[in-house]
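# Residue-level structure breakdown
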Amino acid sequence: RLLYELAQSITEALQGMFWMLVFMIVTLYSVAILCTRVIGHGNIIGEDADEDLQKIKEMFSSVSTSMFTLFGTVSSWSLMKFVPLL
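Note that the structure is predicted; figures quoted are calculated from it, not measured. (Residues numbered from 1 in each chain as written. Predicted model: local features only at pLDDT ≥ 70, side-chain atom pairs only at ≥ 80, totals over all residues. Heavy atoms only, no water.)

The interhelical angle for the contact between helix H1 (residues 2-40) and helix H3 (residues 63-74), taken along N-to-C directions, is 120°, at an axis separation of 8 Å. Between H1 and H3, the interaxial angle falls into the category oblique. As for the relative orientation of H1 and H3, their crossing is right-handed in sense. Here Met 24, Ile 25, Leu 28, Tyr 29, Val 31, Ala 32, Ile 33, Cys 35 and Thr 36 of H1 lie close against H3, whose contacting residues are Val 63, Ser 66, Met 67, Leu 70, Phe 71 and Val 74. The residue inventory of the contact of H1 with H3, partitioned by class, reads 13 nonpolar, two polar and no charged. (Axes fitted to C-alpha atoms, helices over the stretch in contact; angles between N-to-C directions. Helix = DSSP H or I, 4+ residues; strand = E, 2+ residues; numbered from the N terminus. Parallel < 35°, antiparallel > 145°, perpendicular 65-115°, else oblique. Left-handed = near helix turned anticlockwise from the far one by under 90°. Contact = heavy atoms within 4.5 Å. Nonpolar A, V, L, I, M, F, W, Y, C, P; charged D, E, K, R; others polar.)

Following this line, the structure appears as structure tokens:
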């Protein structure tokens, strides 16, 4: 009986974690598309910008690199690479 309750609790926890993962991926994907359009291919950072801003523009050059950059930002790897924007 206790083993059944434990297995059921783990299954319920995994279901919640799965839906949070789906929500996070969908959110990252939609924001990555927006950032790629606005920052990577947009006119926010022009071609005549300094070297640091060009590196940031390269971080948002495609949807996949934008997702990776945003995931690193959300998981707090390092925000130091965005210092030139401040």
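Following the structure, the description resumes.
The next point concerns H1. Given 3.6 residues per helical turn, the α-helix brings residues three or four places apart onto the same face. Counted at 1.5 Å a residue, the expected span for H1 with its 39 residues is 57 Å, and the 54 Å between its end C-alpha atoms agrees. Those residues of H1 not exposed but buried are Leu 28, Ala 32, Cys 35, Thr 36, Ile 39 and Gly 40. Packed against the buried residues of H1 are helix H2 (51-59) and H3. (Expected span 1.5 Å × (residues − 1). Buried < 20%, exposed > 50% of the residue type's maximum accessible area, 1.4 Å probe, protein only.)

All right, on to the pattern of salt bridges then. Enumeration according to the criterion identifies two salt bridges in this entry. In this structure, the salt-bridge partner of Arg 1 is Glu 5, at a minimum N-O distance of 3.6 Å. When its relative accessible area of 73% is taken as the criterion, Arg 1 is described as exposed. Given the relative accessible area of 35%, Glu 5 is considered partly exposed. For Lys 55, the salt bridge identified is with Glu 51, shortest N-O distance 3.8 Å. One end of the pair is Lys 55 and the other is Glu 51, both in helix H2 and four residues apart, which spans about a single turn. Note on Lys 55: relative accessible area 44%, which makes it partly exposed. (Salt bridge = Lys/Arg side-chain N within 4 Å of Asp/Glu carboxyl O.)

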